[in-house]
Each structure stands twice: as C-alpha cells, then as structure tokens.
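In case you want the letters, here they are:
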Amino acid sequence: MDSHKEGDRGSGKQKKVKIVFVIGGPGSGKGTQCKRIAQQFGYTHLSVGELLRQEINSGSKTGSMIQKIMKEGKLVPADVTVRLLQQAMQEMDSDKFLIDGFPRNEENTKMEPEFVLYLDCPQDEMERRLLSRNEGREDDNIETIRKRFKVFMESTLPTVEYYESKGKVRKVDAGKSIDEVFESIKSIFSPEKDYKVPPSTHNCECCLIL
C-alpha cells in the first residue's frame, strides 16, 4: 500500500511511497538480502538496527537510552524507532523503501506496507551465524542473543501473525544459502509472478528482526 512522506505533506505535495517491511529473527540474513533486493529492484534500504546504532554513536541522550535498552536485549520504544525512520525517509530522494527490522512489535503497525517479507530461519542456525560474524557488536554475545530471540518471539511474532491475517506476509526459507534465499525472494519481487504463501518448514520455537 502507498504511504506519504511527512515532508511532502508540509509542502502541499503528496508523494506516493511504496514500503516493504522485512522481518526475521536476529541472524536470519535481513541485511544481506536487503542489499541484494535494493540493488536489483531499485529500493532504498533502511535498516532500523543501523539507524539505532547511528543514534547511539551520535552521543545524544536518546542514543544513551537506546544503547542501554539494546544491551539488555529489549525493544526500543516504538515512538523512538518510528521517529528515526520518518526522519531518514524524509532525507532520501526515493519512492520505494525496504525497511529492515521493522515493525518490531504491534505498536509499530501504524505504517502500512505493500507487503511484509518474512525470513523464516531456525533458531540454531541464527545463533550460529550471530556468533560467527564477529562484527564487534555489543549485542552479539550468547546471553544477549538468547534474550533477543525471546523478545522476538514474544513481541514480533504477534506482528507477523497480524500481517498474515491481512494476507500481506511473503515467507521464504532463510535457513538455506544466501544465493538460494535470494532466488526465492526474486520471485516475490517480480511483478509478473503470482505469489502463494508456503507453509513454514521449521518447527523451532523462534523461527522468525530484531
């Protein structure tokens, strides 16, 4: 569904914006696949996690609050996340946005997407990826990772179910190789193809961004 950029409302112009949300558990490959989608299909990629880390690095009071919350493996308040997203969208000259890591809970469902791409990945595989990526992130340690899985299951899974009830979820098996996952994603973003929702192939407790 089309949305409108806040800045355009203020100028008297309404610019239609296409939004796709990308949801999946921590380590499901959201960032990797979003970069490929953006390159091939012309979307502007916005990572909620990256926006939050940029705010932390700015040294602001909000950044300090975000850092404390993320270190505990909890979710940043919806109003903070939405404000950072809206600000980033206003600064971009684009009409197609791929939002990675959003929405994180049902409080974030005020923005209406064209559809939701859900990366379905087993928890043990996500854990293995997170522990091996060695990016120096504070939240990539086993204790925080497992807290993030728990928060994801409790807060984000109901959001996925909400969008499923509206027929907006496009699910792919993200436990496969990067190339195999992207092949599945390409069929979803190709306008000529009719998409049918496949059943989940994983029976783990946490198969679903932080």
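Going by the structure above, here's the rest.
Values in this document were obtained by computation on a predicted structure and should not be read as measured data.

A.B. asks: So what about the pairing of strand β6 (residues 169-173)? Which residues, and what values?
C.D. replies: Regular strands place their side chains on alternate faces of the sheet. The element β6 is extensively covered by neighbouring structure, given that 4 of its 5 residues are classed as buried. Where strand β5 (residues 115-120) lies against β6, 5 bridges are found, and the strand directions are parallel. When the sheet's bridge partners are listed, Leu119 is paired in β6 with Val172.

A.B. asks: Which residues make up unusual backbone geometry, and what values do they have?
C.D. replies: With an omega dihedral of 0 degrees, the bond running from Phe102 to Pro103 counts as a cis peptide bond. For Pro103, the position within the fold is in the loop between β4 (96-100) and β5.

A.B. asks: Go over the packing of aromatic side chains, please, and point to the residues and values.
C.D. replies: This structure, assessed with the given rule, holds 6 aromatic pairs. Grouping aromatic residues by their ring pairs yields a cluster made of Phe21, Phe102, Tyr162 and Tyr163. The lysine or arginine in question, Lys96, covers the ring of Tyr43, its NZ or CZ lying 4.7 Å from the ring centre.

A.B. asks: Could you give me a rundown of the packing of helix α3 (residues 48-57) against helix α4 (residues 61-71), with the residues and numbers involved?
C.D. replies: The N-to-C vectors of α3 and α4 enclose an angle of 125 degrees; their axes lie 7 Å apart at closest approach. By the angle between their axes, α3 is oblique relative to α4. The chirality of how α3 crosses α4 is left-handed. Facing Leu52, Arg53, Glu55 and Ile56 of α3, the residues of α4 in contact are Thr62, Gly63, Ile66, Gln67 and Met70. Of the residues that constitute the contact of α3 with α4, the class distribution is 4 nonpolar, 3 polar and 2 charged.

A.B. asks: Account for the pattern of salt bridges, with residues named and values stated.
C.D. replies: Opposite charge on two side chains permits pairing when their charged atoms draw close. This model, assessed by the stated rule, comprises 13 salt bridges. A salt bridge links Glu72 to Lys74; the shortest N-O distance between them is 3.4 Å. Judged by its relative accessible area of 29%, Glu72 is partly exposed. With relative accessibility at 49%, the residue Lys74 sits in the partly exposed group. Across the pair Glu164 and Lys171 runs a salt bridge whose closest N-O atoms are separated by 3.8 Å. Glu164 gets classed as partly exposed once you look at its relative accessible area, which sits at 36%.

Definitions and cut-offs
Residues numbered from 1 in each chain as written. Predicted model: local features only at pLDDT ≥ 70, side-chain atom pairs only at ≥ 80, totals over all residues. Heavy atoms only, no water. Buried < 20%, exposed > 50% of the residue type's maximum accessible area, 1.4 Å probe, protein only. Helix = DSSP H or I, 4+ residues; strand = E, 2+ residues; numbered from the N terminus. Pairing = 2+ DSSP bridges. Phe/Tyr/Trp six-rings, centres within 6.5 Å; stacked < 30°, edge-to-face > 60°. Lys NZ or Arg CZ within 6 Å of the ring centre and 35° of its normal. Axes fitted to C-alpha atoms, helices over the stretch in contact; angles between N-to-C directions. Parallel < 35°, antiparallel > 145°, perpendicular 65-115°, else oblique. Left-handed = near helix turned anticlockwise from the far one by under 90°. Contact = heavy atoms within 4.5 Å. Nonpolar A, V, L, I, M, F, W, Y, C, P; charged D, E, K, R; others polar. Salt bridge = Lys/Arg side-chain N within 4 Å of Asp/Glu carboxyl O.

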